Amino acid sequence: MSNWSYRNAALILALPFIIYLVVFTLYPIVYSIILSFSKVGLLYNFAGMVGVENYMLLFSNPFFLKTLINTLIFAFSVTAADIVFSILLALSIERIARGKSIFTTLLTSPLMLPAVVVAVVWEIIMDPFVGPLDYILRLLHFPTIGWLADPHVMLLSLIIITIWQTTPFAFLLVLAGVQAIPPQLKEAAMVDGLSTSDMFTQVTLPLILPSVVVAVLMTLITAFRTFDVIFVIDSGGFNPSNALLVYYAYIYAFVPGYQGIAMASVVILAGISTILGILFIKAMGLESRLGLETKKKERHFRLRVSFPSFNIRPEISLALAYLILIFSATFAFFPIIWTLLTSMHYSGIVMSILPHHPIQGLIKNFSMAISQGAPYLIVSLVVAPVVAALTIILAAPAAYSIARFKLGGTKLLAWALYLYTVPSMVYLVPIYTLITKLGLTNTWWALMLIYPIFTLPLSVWILTGFYNDVPKEIDESALIDGKSRIDAFFDIILPIIRPALAVAAFFAILSSYTEFMFALTLGRTPYLFNFPPTGSETATVFVASALVYGSGEVVNYGMLAAAGLLVSVPVIIISAFLQKYIIKGLWVGGLKG
């Protein structure tokens, strides 16, 4: 095949993906930057340049400075805790011989809940009347704590909730690094007589450092774009005590006269995410993933940490490992169990720890959740598979072009990976403006059109790694048989990687089903049971609305708990299937290469 035909096939396969990224990611980012230096008119129309005036107003706003400090404290506190816990848990899992799968399942159970449901779970846990935390404090004759009401404690509460939510993923990343350590290295270290502390600082830590670095970056990225939990906890209002940068930008984005300030804060947020994105891209090893390394690089750091040398007896280290795992598994799974118990209270108002009529209460509350949540669930259950299909249509040929033809070198893959790190808020205002002008607000089509922004980057990254596992001889055999490059892709390669396509599709379904910010902003009503369908509020909006728009009323905690669990069922099923692929999808050809 001529060079021209070679490049032509590469471009044809990737062109729909490139066009989508230009329209729905590059345009919103550039437009957001322009608006931050502009006077903003109705529907975010450009109304003239004002230079840095928006930024000056932003930094003179005491709420912004407080929010920025909150965000930095929040992000680095969550990240530090996640990494410490992840290393402890990974080493503990590796130390024990029995119960590894059970402990791993319990420790990763928070991953199976959408962020909005996480907020509801902890709203129940931290409630002063129905939650167990203050109940235990009262039993011990300690003063109760206003976890979600005391301005001095609210940020700490948000940190605790986020640590519970994000530690499992960091743990899986670090665990993959620990399990990748060659056994012969451990055996050699034992033969050399290394102490327990020296084994960790001289062998384990240097070898798992690449996975720790990625875990640090991914946790920071997640922390800086936290929105769902704080929106639910603050009932859609603004509280400077626990406000974060994303939430600050969202609240001000729809206040007349403050849009310019909001866009300036969005650009600052984009700047932070860009720094983290560049570091993340570097850590993930694009050259290795695409086979572009000219020389094999060492995949671990020569790191030496000065630490007092000491030994821990084997039976003590085993006991400590089980103690850490039992405590951590309880912390991870107890909130879910409490939510289930809450859903069994027949009256909906929790008056005791154990429900008096659990079966009747469970049936009643889930029946109410299904009847009230059906319009929202229908939207999510229809939109998510359609988005997954669209994602595969765009991502599969683009990833093949990147993997086989090295289209764009590492630049196109780097752009896709960078988009994975960008907070949704960076896209929101330009996309909201575009969808409003097209008359697509409160429609399913808007969500189907927009959600691939969030599903395409990870899908392209995953599929690129899987394509690299397919021997190139298969492509060459197809070419010898007279097929074109494009025919070889569709007729030969796609059928081979169907399992990988399924993994990417399930990730896309998971991401679409749990999305909240755009569903909240672009929707107006639940599905109205009409055709063409109108009403695009999703399952996550349904759960959030039970608290946010029910504030001031007596909350039916039984139905609320049932709604959270009901909405989580599809996520739990998909997460159970995907658990063994989560790390493979991110890791293959990257850090492990």
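Keep in mind that what you see is a predicted model, and the values were worked out from it rather than measured.

**Q** Sorry if this is basic, but what is going on with the confidence of the model for the chain here?
**A** Regions with low pLDDT carry predicted coordinates that are not meant to be interpreted in detail. With 89% of its residues at a pLDDT of 70 or more, the chain has an overall mean of 86. Helix α18 (residues 444–450) holds the highest mean pLDDT among the elements of the chain, 96, whereas helix α13 (residues 286–289) holds the lowest, 70.

**Q** Any chance you could explain the pattern of salt bridges here in plain terms?
**A** Think of it this way: side chains of opposite charge can pair up when their charged atoms draw near. Taken as a whole and assessed by the stated rule, the structure comprises three salt bridges. Note that K483 is salt-bridged to D491, the shortest N-O span being 3.2 Å.

**Q** What should I look at first to understand the nonpolar core in this one?
**A** Most often, soluble globular proteins have nonpolar side chains that are buried together. M425 and Y467 are the most contacted members of the largest nonpolar core, which totals 196 residues. For this core, the element with the most residues is helix α15 (residues 358–405), which contributes 18 residues. Discounting residues that sit within four places of it in the chain, M425 has contacts with V246, A249, Y250, A253, V266, L269 and M517.

**Q** Please clarify how unusual backbone geometry should be interpreted in this entry.
**A** What you tend to see is this: most non-glycine residues have negative phi, and most peptide bonds are trans. Here F531 and P532 are connected by a cis peptide whose omega angle stands at -5°. Relative to the elements of secondary structure, P532 occurs in the loop between α23 (517–522) and α24 (539–548). Despite not being glycine, H141 shows a phi value in the positive range, around 65°. Tracing the backbone through its elements, the reader meets H141 in the loop between α6 (132–139) and α7 (154–179). Relative accessible area serves as the criterion here: at 73%, H141 is assigned to the exposed category. Although it is not a glycine, K406 sits at a positive phi angle of roughly 55°. Inspection of the secondary structure puts K406 in the loop between α15 and α16 (411–421). On the accessibility criterion, K406 (21% relative accessible area) is partly exposed.

**Q** Quick question: what am I supposed to make of α16 here?
**A** Since one α-helical turn is 3.6 residues long, residues separated by three or four positions face the same way. Most of α16 is tucked away, with nine of its eleven residues classed as buried. Within α16 the residues assigned to the buried category are L412, L413, A414, A416, L417, Y418, L419, Y420 and T421.

**Q** What exactly am I supposed to notice about a nonpolar patch on the surface here?
**A** A cluster of nonpolar side chains, namely L11, L15, I19, V22, V23, L26, V30, I34 and M49, defines an oily patch on the protein surface of about 720 Å² accessible area. It is helix α1 (residues 3–36) that provides the largest number of residues to the nonpolar patch, a total of eight residues. Considering the arrangement of structural elements, one finds I19 in helix α1. I19 sits in the partly exposed class, given a relative accessible area of 46%.

**Q** Mind showing me how you'd approach the packing of helix α3 (residues 62–95) against α7 here?
**A** Relative orientation of the contacting elements α3 and α7 amounts to 40°, with a least axis distance of 6 Å. When the interaxial angle is binned, α3 and α7 end up oblique. Judged by the sense of rotation from one axis to the other, the crossing of α3 with α7 is right-handed. Looking at the contact of α3 with α7, its residues break down into 19 nonpolar, seven polar and two charged.

**Q** When you look at the layout of surface pockets in this model, what are you seeing that I'm missing?
**A** Any space left empty among the atoms is revealed by the rolling of a water-sized probe across them. Each pocket or cavity is described by its volume, and for the largest pocket that value is around 1,100 Å³. Around the largest pocket sit 29 residues that line it, and L91, R95, T196, M199 and S317 are the ones nearest its centre. Contributing elements (two or more residues each) for the lining of the largest pocket: α3, α8 (183–191), α9 (196–224) and α14 (314–342). Looking at the lining of the largest pocket element by element, the count peaks at seven residues for α3. Looking at side-chain class alone, the lining of the largest pocket contains 17 nonpolar, nine polar and three charged residues.

**Q** Would you take a moment to explain the environment of T421 for this structure?
**A** Along the polypeptide, T421 turns up in helix α16. On the basis of relative accessible area, T421 is assigned to the buried category, the value being 2%. When the C-alpha atoms of T421 and T274 are compared, they prove to be 7.7 Å apart, with 147 residues separating the residues in sequence. Those residues in contact with T421 that sit more than four places away from it in its chain are I221, R225, S273, G277 and F280. Within the structure, T421 has its side chain in polar contact with the backbone oxygen of Y418 (distance 2.6 Å).

**Q** What should I look at first to understand the packing of α3 against α9 in this one?
**A** Packed helices, taken two at a time, are described by the angle their axes make and the gap between the axes. The N-to-C vectors of α3 and α9 enclose an angle of 145°; their axes lie 9 Å apart at closest approach. Pair α3 / α9 crosses with right-handed handedness. Contacts between α3 and α9 pair T71, L72, F74, A75, F76, V78, T79, D82, I83, I87 and L91 from the former with F200, T204, V212, A215, V216, T219, L220, A223 and F224 from the latter. Looking at side-chain class alone, the contact of α3 with α9 contains 15 nonpolar, four polar and one charged residues.

**Q** Which parts of the structure should I look at to understand the side chain of S512?
**A** Within the secondary structure, S512 sits in helix α22 (residues 498–514). One polar contact links the side chain of S512 to the main-chain carbonyl oxygen of A508, over a distance of 2.8 Å. In contact with S512, not counting residues within four places along its chain, are A384, V387, Y451 and T455.

Parameters at a glance
Residues numbered from 1 in each chain as written. Predicted model: local features only at pLDDT ≥ 70, side-chain atom pairs only at ≥ 80, totals over all residues. Heavy atoms only, no water. pLDDT = per-residue confidence, 0-100. Helix = DSSP H or I, 4+ residues; strand = E, 2+ residues; numbered from the N terminus. Salt bridge = Lys/Arg side-chain N within 4 Å of Asp/Glu carboxyl O. Core = buried A, V, L, I, M, F, W, Y, C linked by side-chain atoms within 4.5 Å. Buried < 20%, exposed > 50% of the residue type's maximum accessible area, 1.4 Å probe, protein only. Contact = heavy atoms within 4.5 Å. Patch = residues over 30% accessible without salt bridge, like charges linked within 9 Å, V, L, I, M, F, W, Y side chains within 5 Å. Areas by Shrake-Rupley, 256 points an atom, 1.4 Å probe, with all protein chains shown as cover. Axes fitted to C-alpha atoms, helices over the stretch in contact; angles between N-to-C directions. Parallel < 35°, antiparallel > 145°, perpendicular 65-115°, else oblique. Left-handed = near helix turned anticlockwise from the far one by under 90°. Nonpolar A, V, L, I, M, F, W, Y, C, P; charged D, E, K, R; others polar. 1 Å grid on protein atoms, 1.4 Å probe; cavity = no way out; pocket = protein on both sides within 12 Å on 5 of 7 lines; lining within 4 Å. Points joined across faces, edges and corners; volume = space filled by probe spheres on them. Polar contact = N/O pair within 3.5 Å; in protein donor to acceptor, adjacent residues only side chain to side chain.

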